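Coordinates in review
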Amino acid sequence: MRLNLLFLSIAVAVGLAVAVFGPPHMSNPLLTKDDNVLHIAGIFPIGGKGGWQGGQACQPAARLALEDVNNRTDLLPGFILKLHWNDSECEPGLGASVMYNLLYNKPQKLMLLAGCSTVCTTVAEAAKMWNLVVLCYGASSPALSDRNRFPTLFRTHPSATVHNPTRIKLMEKFGWSRVAILQQAEEVFISTVEDLEARCKEAGIEIVTRQSFLSDPTDAVRNLRRQDARVIVGLFYVVAARRVLCEVYKHKLYGKSYVWFFIGWYEDDWFEQNLEKEKINCTREQMRIAAEGHLTTEALMWNQNNQRTLSGMTSDDFRIRLNEALKKENYDIDNMRYPEGYQEAPLAYDAVWAVALAFNKTMEKLDRVGKSLKNFTYTDKETADDIYSAINSTQFLGVSGHVAFSSQGDRIALTQIEQMIDGKYVLLGYYDTQSDNLTWNNKEKWIGGKVPQDRTIVRTVLRTVSLGLFISMGTVSVVGILWAIALIVFNILHRHRKVIETSHPVCNTIMLVGVCLCLGSVFLLGLDGRFVESESYPAVCQARAWILTLGFTLGYGAMFSKVWRVHRLTTKSKQDGKVKKVEPWKLYWMVGGFLIVDIILMLCWQIIDPLQRSIEIFPLEDPSSTDDDIKIRPELEHCESHHNNVWLGILCGYKGLILIFGLFLAYETRSIKVKQINDSRYVGMAIYNVVVLCLITAPVIMVIASQQDASFAFEALAIIFCCFLSMALVFVPKIAEIIQHPRDKVEAKYNTDAGVSKEDEDRYHSLLAENDELQKLISAKEEKIRILKIKLQERESMKSSGTDGTAPSAAEGMNEPICLGAGGVRNNLIPARTYLGNAAGAQPEPAGRGMGARNSANLSSA
Ligand code: ABU
């Protein structure tokens with residue numbers, strides 16, 4: 001857009017110029033008085049506010065060159081070279097205006113010298129219309145290497161692309177493979193960056209970000225920080241460079257962690273100059289701090305070998321003369337205050353020499369055909385071509401080094417690399433792009449003593465359960481497992497004891513196996529990246545899920561089946577009015593049913609969408625004990641499948657229902673004691689405990705899932721607590737009973753739910769004694785009846801021997817009431833025995849006590 005506007009303005013300017021001055025070929029180039037003078041036009045950027053104001057030093061250098069050329073008799077014999085120039089301020093519009101004034105005002109100019117890429121681009125694009133060769137002493141834009149666009153352009157200034165191979169070389173040398181670019185939005189830098197990007201891609205260097213700015217670099221610099229840019233190539237003119245450096249200071253993008261590549265053609269103290277004038281909001285000291293350690297690359301613009309050049313001077317001689325000339329223009333050279341363009345001054349000096357040599361060659365050629373350079377007009381394409389060929393083939397040793405032009409009109413040059421060390425530029429080495437030869441002085445110095453990294457090194461640290469916590473939970477779990485195994489043994493050994501037998505020992509064993517599995521799962525919950533490889537982690541995930549699920553189902557299912565049976569017995573008994581028997585297989589089937597549902601669900605889960613290792617990544621953290629430029633990225637392993645929530649929802653929903661139902665049954669049967677399942681109240685308590693802990697633990701674990709220690713501790717403690725409490729509730733009363741009453745007889749009326757049975761025991765003994773006495777009484781009565789019967793029979797037979805046959809029926813009538821009475825006693829005794837022996841029936845009150853009392857009353861009355 002900016003370029004389009006530029007070209008538009010140039011076109012308008014050209015149009016205006018043509019309208020005012022007429023077309024180029026219509027101008028009158030005839031020279032009258034100064035026939036021995038060859039005129040050239042010069043455009044120097046001097047007094048502008050931005051861009052490159054290198055004309056400040058280049059114009060005096062060109063003046064020196066003119067003096068030297070004109071002093072040479074063997075060069076342009078009979079002619080002198082005269083430079084007509086004006087200031088472009090490095091503004092393309094002003095540059096175009098200056099060019100038209102120079103070209104349309106007498107005398108006829110034979111060539112155009114220009115500096116600053118933006119102005120060179122403008123004038124070189126237009127100059128072809130006047131058949132003018134343009135020689136740029138101060139234009140680095142790679143865009144100028146386009147021969148189709150700039151067919152008559154040559155430059156003594158190397159293209160900015162010569163820096164790029166050097167930058168790549170340095171990045172490779174220091175192992176930087178991730179760089180960022182900050183550029184001013186000018187064509188010279190845009191085309192340089194395009195070339196740099198292509199070269200980086202070729203070299204496998206990642207460009208992390210490319211930020212550009214027009215005049216204010218604040219946002220661009222801030223973005224660099226956001227992108228964690230560490231190695232940054234900065235491409236901008238010096239005024240913008242000062243603004244950038246100030247922002248670099250403010251955003252702390254300097255120091256041991258950052259490397260900046262700046263353009264090397266700024267003056268040595270560029271970061272301290274004009275701060276007030278340009279309203280830079282940083283002090284000199286701050287600018288110095290921010291500039292420390294940066295690297296520069298620049299094409300060699302001063303002849304390095306102190307050889308005599310074409311002008312007869314060495315580059316040092318030239319420097320002395322230039323300094324003198326600059327001092328005359330009031331520059332404080334003695335205090336190392338150099339004007340802008342001091343670096344490029346040899347290029348301007350050599351540019352004038354190149355013009356002179358080319359004219360010399362052309363004159364010789366024109367002489368041979370009877371023509372003269374003096375007769376050149378803007379329509380004289382033939383002479384223009386001769387000048388073009390002459391300059392194209394010009395080669396000489398100048399104060400800037402060997403001057404030669406490539407087919408694109410570019411200068412071929414070495415590059416030098418410098419680093420700012422302690423506020424001064426130190427030469428680190430040279431790089432010859434042509435031969436890929438890096439000459440290195442090993443003088444680089446890095447803040448912090450180490451080559452900066454091209455990125456923040458991120459160390460991944462896997463968060464694991466703390467070893468102490470794992471060991472302590474593991475130890476408690478082992479104790480629990482051993483205790484559960486001991487209880488299994490106890491349960492089996494005493495399975496025939498009433499206290500165990502009526503608590504369903506198989507169910508107890510199932511519950512204990514479940515407890516062992518649940519406690520075993522505590523180990524699996526603590527097994528993480530500390531102990532297992534990431535490849536094995538999915539197996540741990542699956543083992544965890546299976547073992548905890550099955551353990552829960554066995555443990556809780558066994559308890560659930562007991563309360564469920566109690567509930568069934570109670571409700572059925574109420575309905576039928578009969579005492580029901582408990583069939584153990586129904587309990588086993590219930591546990592088996594839960595297991596089958598679990599296995600089906602788990603199989604579906606693990607086959608369709610198996611649990612995998614997933615990683616939760618936490619924000620970067622600073623390491624606690626290192627000076628290195630590293631960050632810690634904590635990671636935490638989780639077990640998840642793709643549709644984790646769906647599977648967990650199904651499993652937890654199903655388990656939740658069983659838990660809630662178990663809670664309901666436990667509540668319903670809270671005050672019911674049945675002889676068939678003697679520990680149902682304790683089992684109910686265990687169920688309360690499990691339900692409450694599960695309902696608390698599940699959501700809490702979801703919330704604290706990212707805190708590995710807390711979530712492991714919470715989960716492990718919940719499991720341990722449930723297991724230990726369940727074992728204690730179910731088995732401690734049984735163990736106590738067996739220890740208190742080693743003989744089985746007493747347990748015949750034992751009911752763990754009935755509490756202390758001493759009173760019942762006494763009553764039982766007294767009933768037994770009473771029963772015995774009644775038995776004896778009955779026997780005595782029966783004996784008496786038998787004797788009475790015999791006596792009656794004897795009397796009957798005595799009677800019959802003396803009376804009629806009706807006597808026996810009277811004897812039978814006497815017998816009936818006696819027999820009824822005896823039968824009633826017997827009938828009352830039998831149920832009493834049955835009750836005392838079997839202790840059967842579901843009663844809200846202790847059955848033995850109620851029935852025993854009633855029987856006792858019957859027996860007494862009998
Ligand atoms: N070395 C100065 C280059 C200036 C420019 O290319 O505009």
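- Per an unreviewed UniProt entry, the recorded name for the protein is Gamma-aminobutyric acid type B receptor subunit 2, and the organism is Cloeon dipterum.
- Quoted verbatim from the Subcellular location (unreviewed entry) field of the UniProt record, the comment on the protein reads "Cell membrane".

A closer look at the state of the cysteines
- Following the criterion strictly, the structure yields 4 disulfides and no others.
- Across a sulfur-sulfur distance of 2.0 Å, C541 and C639 are joined as a disulfide pair. Judged by the torsion about the S-S bond (-75 degrees), the C541/C639 disulfide is left-handed. Of this pair, C541 sits in helix α16 (residues 537-576) while C639 sits in strand β18 (residues 630-640), placing them 98 residues apart in sequence.
- Note on C722: no disulfide assigned, nearest cysteine sulfur contributed by C694 at a separation of 5.3 Å.
- The closest cysteine sulfur to the non-disulfide-bonded C723 is located on C518, 4.8 Å from its own sulfur.

Brief notes about the environment of R63
- Among the structural elements, R63 can be located in helix α2 (residues 55-71).
- R63 gets classed as partly exposed once you look at its relative accessible area, which sits at 32%.
- Considering only alpha carbons, one finds R63 and A348, 285 residues apart in sequence, at a separation of 9.2 Å.

A few points about a nonpolar patch on the surface
- A surface patch of nonpolar side chains, amounting to about 450 Å² of accessible area, comprises V478, L482, I485, V489 and L493.
- Mapped onto the secondary structure, L482 falls in helix α13 (residues 467-493).
- Overall, L482 belongs to the exposed group, its relative accessible area being 54%.

A word on the packing of helix α15 (residues 505-526) against helix α20 (residues 708-740)
- At a minimum axis distance of 10 Å, the contact between α15 and α20 shows a crossing angle of 160 degrees. Taken together, the axis directions place α15 and α20 in an arrangement best described as roughly antiparallel. Both α15 and α20 take part in a crossing whose hand is left-handed. In this structure, α15 uses N508, M511, L512, V515, C518, L519, S521, V522, L525 and G526 to contact α20, whose residues at the interface are F712, E715, A716, I719, I720, C723, F724, S726, M727, V730, F731 and K734.
- When grouped by side-chain class, the residues that make up the contact of α15 with α20 number 16 nonpolar, 4 polar and 2 charged.

Cut-off values and rules
Residues numbered from 1 in each chain as written. Predicted model: local features only at pLDDT ≥ 70, side-chain atom pairs only at ≥ 80, totals over all residues. Heavy atoms only, no water. UniProt positions renumbered as here; feature names shortened; annotations may be inferred. Disulfide = S-S within 2.5 Å. Helix = DSSP H or I, 4+ residues; strand = E, 2+ residues; numbered from the N terminus. Buried < 20%, exposed > 50% of the residue type's maximum accessible area, 1.4 Å probe, protein only. Patch = residues over 30% accessible without salt bridge, like charges linked within 9 Å, V, L, I, M, F, W, Y side chains within 5 Å. Areas by Shrake-Rupley, 256 points an atom, 1.4 Å probe, with all protein chains shown as cover. Salt bridge = Lys/Arg side-chain N within 4 Å of Asp/Glu carboxyl O. Axes fitted to C-alpha atoms, helices over the stretch in contact; angles between N-to-C directions. Parallel < 35°, antiparallel > 145°, perpendicular 65-115°, else oblique. Left-handed = near helix turned anticlockwise from the far one by under 90°. Contact = heavy atoms within 4.5 Å. Nonpolar A, V, L, I, M, F, W, Y, C, P; charged D, E, K, R; others polar.

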